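Examining the three-dimensional arrangement
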Amino acid sequence: MKKTNIDIIETILGSDQSVSSQQREQILAICKGKPAPITPSFLKASEAAKYLSVSLNTFYLMRKSGKVKAVEISPGLKRYKRSDLDSLGN
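Residues numbered from 1 in each chain as written. Predicted model: local features only at pLDDT ≥ 70, side-chain atom pairs only at ≥ 80, totals over all residues. Heavy atoms only, no water.

**What to know about the packing of helix α3 (residues 45–52) against helix α4 (residues 56–65)**
Put simply, the rule is: Fitted lines through C-alpha atoms serve as axes, helices being fitted only where they are in contact, and the angles separating the N-to-C directions of these axes extend from 0 to 180 degrees. A run of H or I in DSSP becomes a helix once it reaches four residues, and a run of E becomes a strand once it reaches two; helices and strands are each numbered from the N terminus. Just so you know how the angles are binned, under 35 degrees is roughly parallel, over 145 roughly antiparallel, 65 to 115 roughly perpendicular, and the rest oblique. Should any heavy atoms of two residues lie within 4.5 Å, those residues are considered in contact. Throughout, the ten residues Ala, Val, Leu, Ile, Met, Phe, Trp, Tyr, Cys and Pro are labelled nonpolar, Asp, Glu, Lys and Arg are labelled charged, and all others, Gly among them, are labelled polar.
Two elements in contact, α3 and α4, have axes whose closest approach is 9 Å; the angle formed by their N-to-C orientations is 100°. In this view, α3 runs roughly perpendicular relative to α4, as classed from their interaxial angle. Along its contact with α3, which presents Ala45, Ser46, Ala48, Ala49 and Leu52, the element α4 presents Leu56, Phe59, Tyr60 and Met62. Split by residue class, the contact of α3 with α4 holds 8 nonpolar, 1 polar and no charged.

Here is the structure:
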């Protein structure tokens, strides 16, 4: 893909609030002919907040309100399923 096309796509993705930074990285990698970065199935709270493009505080409020459910990996260790986070956009 030509660099000017990639620049246009990058500009559009940067201005679209509904596209997470993780999704932007994957789309741009594909446009540049590279494999899309692999994302883990379970994310830490900070990773999940970044994935959703919200602050960590907002993410904790989402969890407290029940919009996001944690999976307890071991006592006191919580992770968040990426598939659950993806379904928040639908």
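From this point, things continue past the structure.
**Regarding the packing of aromatic side chains**
We describe a pair of aromatic rings using the distance from one ring centre to the other and the angle between the two ring planes. The following threshold applies: Centres within 6.5 Å make a pair out of two Phe, Tyr or Trp rings, where for Trp the six-membered ring is used; the pair is then stacked when the planes are under 30 degrees apart, edge-to-face when over 60, and tilted otherwise. Accessible area is worked out with a 1.4 Å probe on protein chains only. A residue is then buried under 20% of its type maximum, exposed over 50%, and partly exposed in between.
A complete count under the given rule lists 2 aromatic pairs for this structure. Note on Phe59 and Tyr80: the rings are 4.8 Å apart at their centroids and 90° apart in plane angle, and the pair reads as edge-to-face. Here Phe59, found in helix α4, pairs with Tyr80, found in strand β3 (residues 77–81); they are 21 residues apart in sequence, far enough to count as distant. When its relative accessible area of 2% is taken as the criterion, Tyr80 is described as buried.

**A look at the sheet that holds strand β1 (residues 42–43)**
The line we're drawing: Two strands pair if DSSP finds at least two bridges between them.
Taken together, the 3 strands give an open sheet; going across it, the order is β1-β3-β2, and neighbouring strands pair in antiparallel fashion. With partners counted over all chains shown, the strands left at the sheet margins are β1 and β2 (71–74), one partner each. Pairing of β2 with β3 involves 3 bridges; the strand directions are antiparallel. What sits directly across from Ser74, in β3, is Leu77.

**Considerations on the nonpolar core**
Cut-off, in case you're wondering: We call a set of buried residues a nonpolar core when its members are Ala, Val, Leu, Ile, Met, Phe, Trp, Tyr or Cys and they connect through side-chain atoms within 4.5 Å of each other.
Judged by nonpolar contacts, Leu43, Ala45, Ala48, Ala49, Tyr51, Phe59, Met62, Val68, Tyr80 and Leu85 together constitute the single largest core of 10 residues. Those elements giving two or more residues to this core turn out to be α3 and α4. Sort the elements by how many residues they give to this core and α3 lands first, with 4 residues. Non-local contacts of Ala48, meaning those with residues more than four positions away in its chain, are made with Leu43, Phe59, Tyr80 and Leu85.

**Observations concerning the pairing of β3**
Working note: regular strand, side chains alternate between the two faces of the sheet. The pairing of β1 with β3 spans 2 bridges and is antiparallel. By the bridge assignment for β3, Phe42 is matched with Lys81. Once β2 ends, the chain turns through 2 residues before running back antiparallel as β3, passing Gly76 with a positive phi of about 85°.

**Concerning the environment of Ala36**
Residue placement: Ala36 occurs in the loop between α2 (21–31) and β1. The exposure class assigned to Ala36 is partly exposed, which follows from its relative accessible area of 33%. For the pair Ala36 and Lys81, spaced 45 residues apart in the sequence, the C-alpha separation amounts to 19 Å. Filtering out sequence-adjacent residues up to four positions away, Ala36 remains in contact with Gln26, Ala29 and Ile30.

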